[in-house]
Amino acid sequence: MKFLLKTQVLSIIFAFLWIVYLNILAVLDQPGPILQYLNWFVYGFALLLVIIYTLLTKYIVGHMWRAVPMVIVPYLVIYQPIFEKILLSLVNKSYGMSIHFLSLSTAATHLMAMLIGLVFGVIFSNRSIRNLQDR
């Protein structure tokens, strides 16, 4: 039960960070000279999220490979659509259209960042310390 709770908390944190990621990109997407550099911001923030996801996975779930599907599936099926609907209901129509476009265009980049962060977090976690804490 404790393992299931940890994976769900991690999925919720990932969904929240995705919403923050979308809001930052939507603010930077305003017309002006920054628009030509938007792709660099997408990949730069994705790299930052890989580092954050790696550390979160390392310290929350540790060296458990079965956590990867238990984080990804609820994130994709439950938390990501719910958080997006909540965000779109809180903002005005033009900002919401921008966020919806960014969510469609950067979803693959964010999913890859999440997968890489999860895998690196599991790989780099220390197995012996986690096994001692679970006992």
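**Digging into the nonpolar core**
Turning to step 1, where the next piece is worked out: By size, the foremost hydrophobic cluster in this structure holds 34 residues, and its most contacted members are Leu10, Phe14, Tyr21, Met114 and Leu118.
Turning to step 2, where the next piece is worked out: Sorting the residues of this core by element identifies α1 (2-28), α2 (38-60), α3 (67-90) and α4 (93-124) as the ones contributing at least two each.
Turning to step 3, where the next piece is worked out: If you tally residues by element for this core, the top one is α1, at 12 residues.
Turning to step 4, where the next piece is worked out: Non-local contacts of tyrosine 21, meaning those with residues more than four positions away in its chain, are made with Val42, Phe45, Ala46, Leu49, Thr106, Thr109 and His110.

**A closer look at the side chain of glutamine 8**
Turning to step 1, where the next piece is worked out: Mapped onto the elements, glutamine 8 comes out in helix α1.
Turning to step 2, where the next piece is worked out: The exposure class of glutamine 8 is buried, given its relative accessible area of 18%.
Turning to step 3, where the next piece is worked out: Sequence-distant contacts of glutamine 8, that is, excluding residues within four places in its chain, are made with Met70, Pro74 and Tyr79.

**Re the packing of aromatic side chains**
To describe a pair of aromatic rings, one takes the distance between the centres and the angle between the planes.
Turning to step 1, where the next piece is worked out: Counted under the stated rule, the structure contains 3 aromatic pairs.
Turning to step 2, where the next piece is worked out: Note on phenylalanine 14 and tyrosine 53: the rings are 4.2 Å apart at their centroids and 45° apart in plane angle, and the pair reads as tilted. Remark: tyrosine 53 occurs in helix α2 and phenylalanine 14 occurs in helix α1; sequence separation between them is 39 residues. An identical accessibility class is assigned to phenylalanine 14 and tyrosine 53; each is buried.
Turning to step 3, where the next piece is worked out: Look at phenylalanine 120 and phenylalanine 124: their rings are 5.7 Å apart centre to centre, the planes differ by 35°, and that puts the pair in the tilted class. Highlighted residues: phenylalanine 120 and phenylalanine 124, both in helix α4, separated by 4 residues, approximately one helical turn.

Definitions and cut-offs
Residues numbered from 1 in each chain as written. Predicted model: local features only at pLDDT ≥ 70, side-chain atom pairs only at ≥ 80, totals over all residues. Heavy atoms only, no water. Core = buried A, V, L, I, M, F, W, Y, C linked by side-chain atoms within 4.5 Å. Buried < 20%, exposed > 50% of the residue type's maximum accessible area, 1.4 Å probe, protein only. Helix = DSSP H or I, 4+ residues; strand = E, 2+ residues; numbered from the N terminus. Contact = heavy atoms within 4.5 Å. Phe/Tyr/Trp six-rings, centres within 6.5 Å; stacked < 30°, edge-to-face > 60°.

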